[in-house]
Structures are given as structure tokens and as C-alpha cells.
Amino acid sequence: MTKKFNLFANTLLAVAAAGSAMAFASCGGDDDEPVVDRGEAVVMESPAGYLYGYKNKSLLIPSTITISYYDNVKTADIAIDGFATASDGASYSLKDKIEEVPFKLLPDGTREIDADKIINGQYGDKYSDIESLVGKLPASELNPDGAEIFSFALTRNLDYTTYGLTFIPATSVMNGTTVITSGAAGSFTTTETSYLLSIKADGTADLTVRNAKFAQGMPAVGDMSFKGLDLTCSDDGFVATKESLIPSIAGVPYPTFAISKLRLEADLEGRGDADLTFECNAFGRNYTVVASDMTCLPQGSGR
């Protein structure tokens, strides 16, 4: 009898011990999930610029975008910080953080985000179609300064409405081939002329033509400034136009270089490109200026 009781008791103790172990393992299973080490972030900050497209389509919202890339796990955290007051007194705030967005590290060292899925922001807003390309390009003929790329766009879903937001740099630098044609005088081609467009918060833009030159053997006239261009932004980039203007050189107006029919169109998606055309009547002779397939990169990207 004693032996049977001891056997029964030992069996109960063994079952109880096994049950406790299983219960402990079950309780600890959810809390003990492995923690992934994301490593140290590579942080890239946008150059000075604006976000376009939020509610008031005519409003450029001064904004800073900071992207922290975790190369160990190929995910990034995106912080958006922008604020603007419209002419009617309405205020627009863009502050949020979007975490763990997947990205690719491309062979040239740039980092590409192309996320279609909906991702929640820190404050509950939903984002999708996040597209970005960021990184420093090597110096080349079309990119002599080794400028950095910073393109960024996304879709924001807020209050049952969808908004497309596109980052527009305050200053863009364009390099490429410029062809100048003047009737019987033929054409002149140069890669020494470059262009710098500065966008103002009031929706206008100024264009600086660096090392402007209109004919073979003609001395460069220096930097020409075209002020007060009309600006139209879009989800892809911007268009700057002006039917006629008087340029300035070193701050002095030069009516002898009257400019007309100016159109600059820039696509800021990916690596960015731009096309520019205008006419210049210099000393009674008309010149048609065409600069096509130029690189279009933001000035002053930071990290």
C-alpha cells in the first residue's frame, strides 16, 4: 500500500513539474522574441526646400526631411517637419515619423525607397507610395561638383482624403549641353554654361545663368540673373516660365540682352533632369538657347 501511494504521489509531482515548465515556457515565449539589432543609422537630411501638394495646392511648405537608414536590416525611419502660414492666414503643419520603411542600397551607394504598401505614421496618419533616392553622386562632366541627390515623394491619407506630397529643393543646380542658334551665323555648343534655380516661398523663382556665352569667340558675359519667373509645381517637379524679361549682370540691368519665351521644366523623380529654352536678343541679333537633358540636383544636401 505504501509503495502504491508513493508511486502515485511521485507521478503527481512529475506531472505538476512538467505542467509548470510548460506554463513557464508558454508565458515566456511571447516576451522573449529575438530583438533584431538595426545597428547604427546613416542619417541624411534634406537640403533647404519645400513640400508641395498638401491641401492648399498653391502652398509650398518649408520642410525638413530626415531619413535614418539602418543598413543591417535595410529599413529606414523618415521624420517630416514642416510648417507654413498661407496668405489667408490658414496654418499648415507637417510633422510625423514613419518607421521601418524598406529600402535598397544601390551599387553606386545611393539608397532607394520604393514602398507601395500602407505604413502608419507616428500620429496615426497613413502613408503609401513612398519614393525616394538619396546619396552622393561621383563627380562627372554633368555633375562637376559631385552633388548629392535628394528626391522624395509620398501619398498621405488624412481625413478620408489622399494628398500627394513632393519635395521641391529651394535651389536646384542644372548642368548639361547648351546649344545656341542664330540664323545664318549657325550654332554654338557649350558645356561650360550651367544654371541655378532658386525657388521662393511666394511661388516665384530666380534663374542664374552661370558663365553665359552666346557665340564662338564671344567672351563670357559672366553670371546673368533672370528674376521673377512664374512657377508651377506638380507631383513630378516644376515648370518655370517668363514671356519676357530684362536680365541683370552683377546687379545691373542689361536691356541689350532682352530675354523672351523662357521655359524651364524639371522632373525631380529619381536622379532628376531638366530642359530649358529661351530667346535672347543681343545687340540686335536673335539667339535661340536650348539646354536639354540636363542633370537637375539640389544644392546643399546634408547628412
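Residues numbered from 1 in each chain as written. Predicted model: local features only at pLDDT ≥ 70, side-chain atom pairs only at ≥ 80, totals over all residues. Heavy atoms only, no water.

1. Section: the environment of V252
Logical step 1: Examined against the element boundaries, V252 turns out to sit in strand β19 (residues 252-253).
Logical step 2: Using a relative accessible area of 43% as the deciding quantity, one classes V252 as partly exposed.
Logical step 3: For the pair V252 and M224, spaced 28 residues apart in the sequence, the C-alpha separation amounts to 9.7 Å. (Helix = DSSP H or I, 4+ residues; strand = E, 2+ residues; numbered from the N terminus. Buried < 20%, exposed > 50% of the residue type's maximum accessible area, 1.4 Å probe, protein only.)

2. Describing the nonpolar core
Logical step 1: Ranked by internal contacts, the top residues of the largest apolar core, which has 43 residues, are L197, L207, F214, F226, F238 and L264.
Logical step 2: Those residues within four positions of F214 in sequence are excluded, and the remaining contacts are I180, F188, M224, F257, F278, C280, Y287 and V289.
Logical step 3: One finds L51, I67, V101 and F167 within the second-largest nonpolar core, a separate group that totals 31 residues. (Core = buried A, V, L, I, M, F, W, Y, C linked by side-chain atoms within 4.5 Å. Contact = heavy atoms within 4.5 Å.)

3. Focus on the environment of Y127
Logical step 1: Relative to the helices and strands, Y127 resides in strand β9 (residues 126-136).
Logical step 2: For Y127 and T162, which are 35 residues apart along the polypeptide, the C-alpha to C-alpha distance reads 9.2 Å.
Logical step 3: When near neighbours in sequence (up to four residues on either side) are disregarded, Y127 contacts D96, I98, K117, I118, I119, G121, L154, T155, R156 and N157.
Logical step 4: There is a polar contact of 3.4 Å between the side chain of Y127 and the side chain of R156. (Polar contact = N/O pair within 3.5 Å; in protein donor to acceptor, adjacent residues only side chain to side chain.)

4. What to know about the side chain of S248
Logical step 1: Positionally, S248 belongs in strand β18 (residues 248-249).
Logical step 2: Once residues within four sequence positions are removed from consideration, S248 is found in contact with D223, M224, S225 and P253.

5. Thoughts on unusual backbone geometry
Logical step 1: You will see that E100, though not glycine, has its phi angle at about 55°, which is positive.
Logical step 2: Checked against the element boundaries, E100 lands in strand β5 (residues 91-102).
Logical step 3: Take E100: its relative accessible area is 52%, and that puts it in the exposed class.
Logical step 4: At D129, a residue that is not glycine, the phi angle is positive and equals roughly 50°.
Logical step 5: One can find D129 in strand β9.

6. Side note on the pattern of salt bridges
Logical step 1: Counting across every chain of the model gives nine salt bridges.
Logical step 2: Close ionic contact of K95 with D81 constitutes a salt bridge, the shortest N to O distance being 2.4 Å. Placement of K95 in strand β5 and of D81 in strand β4 (residues 75-85) is noted, with a sequence separation of 14 residues between them.
Logical step 3: Between E265 and R263 there is a salt bridge, with its nearest N and O atoms 3.4 Å apart.
Logical step 4: For E265, a relative accessible area of 40% corresponds to the partly exposed category.
Logical step 5: The network of salt bridges with common partners includes K200, D206 and K227. (Salt bridge = Lys/Arg side-chain N within 4 Å of Asp/Glu carboxyl O.)

7. With respect to the packing of aromatic side chains
Logical step 1: If you walk through the whole model with that rule in mind, you get six aromatic pairs.
Logical step 2: Look at F150 and F167: their rings are 5.6 Å apart centre to centre, the planes differ by 65°, and that puts the pair in the edge-to-face class. In this pair, F150 is assigned in strand β10 (residues 148-158) and F167 in strand β11 (residues 161-169), connecting sequence segments 17 residues apart. As far as the burial class goes, F150 and F167 line up, both buried.
Logical step 3: Here the aromatic cluster, defined as three or more aromatic residues joined through ring pairs, consists of Y54, Y92 and Y163. (Phe/Tyr/Trp six-rings, centres within 6.5 Å; stacked < 30°, edge-to-face > 60°.)

8. Let's talk about the pairing of β4
Logical step 1: Sheet analysis places strand β3 (residues 60-70) next to β4, joined by eight bridges and oriented antiparallel. Residue pairing across strands places T66 opposite A79, the latter belonging to β4.
Logical step 2: Between the antiparallel neighbours β3 and β4 lie four residues, among them K74 with a positive phi of about 55°.
Logical step 3: Note: β4 against β5, ten bridges, orientation antiparallel. The residue of β5 that forms the bridge with T85 is S91.
Logical step 4: Between β4 and β5, which follow one another and run antiparallel, lie five residues, and G89 among them has a positive phi close to 90°. (Pairing = 2+ DSSP bridges.)

9. Considering a negative patch on the surface
Logical step 1: A cluster of acidic residues, E112, D114, D116, D129, E131, D235, D236 and E269, forms a negative patch on the protein surface.
Logical step 2: Broken down by secondary-structure element, the contributors of at least two residues to the negative patch are β7 (111-115) and β9.
Logical step 3: When you line up the elements, D235 lands in the loop between β16 (224-233) and β17 (237-245). (Patch = residues over 30% accessible without salt bridge, like charges linked within 9 Å, V, L, I, M, F, W, Y side chains within 5 Å. Areas by Shrake-Rupley, 256 points an atom, 1.4 Å probe, with all protein chains shown as cover. Lys, Arg positive; Asp, Glu negative; His and termini not counted. Charge placed at Lys NZ, Arg CZ, Asp CG, Glu CD.)

10. Brief notes about the confidence of the model for the protein
Logical step 1: In this model, the protein carries an average pLDDT of 83, and 84% of its residues clear a pLDDT of 70 or more.
Logical step 2: At the low end of the mean pLDDT range in the protein sits helix α1 (residues 2-31), at 43; at the high end sits β17, at 96.
Logical step 3: Within the model, the stretch residues 1-29 combines pLDDT values under 50 with zero contacts to residues more than four positions away or in other chains. (pLDDT = per-residue confidence, 0-100.)

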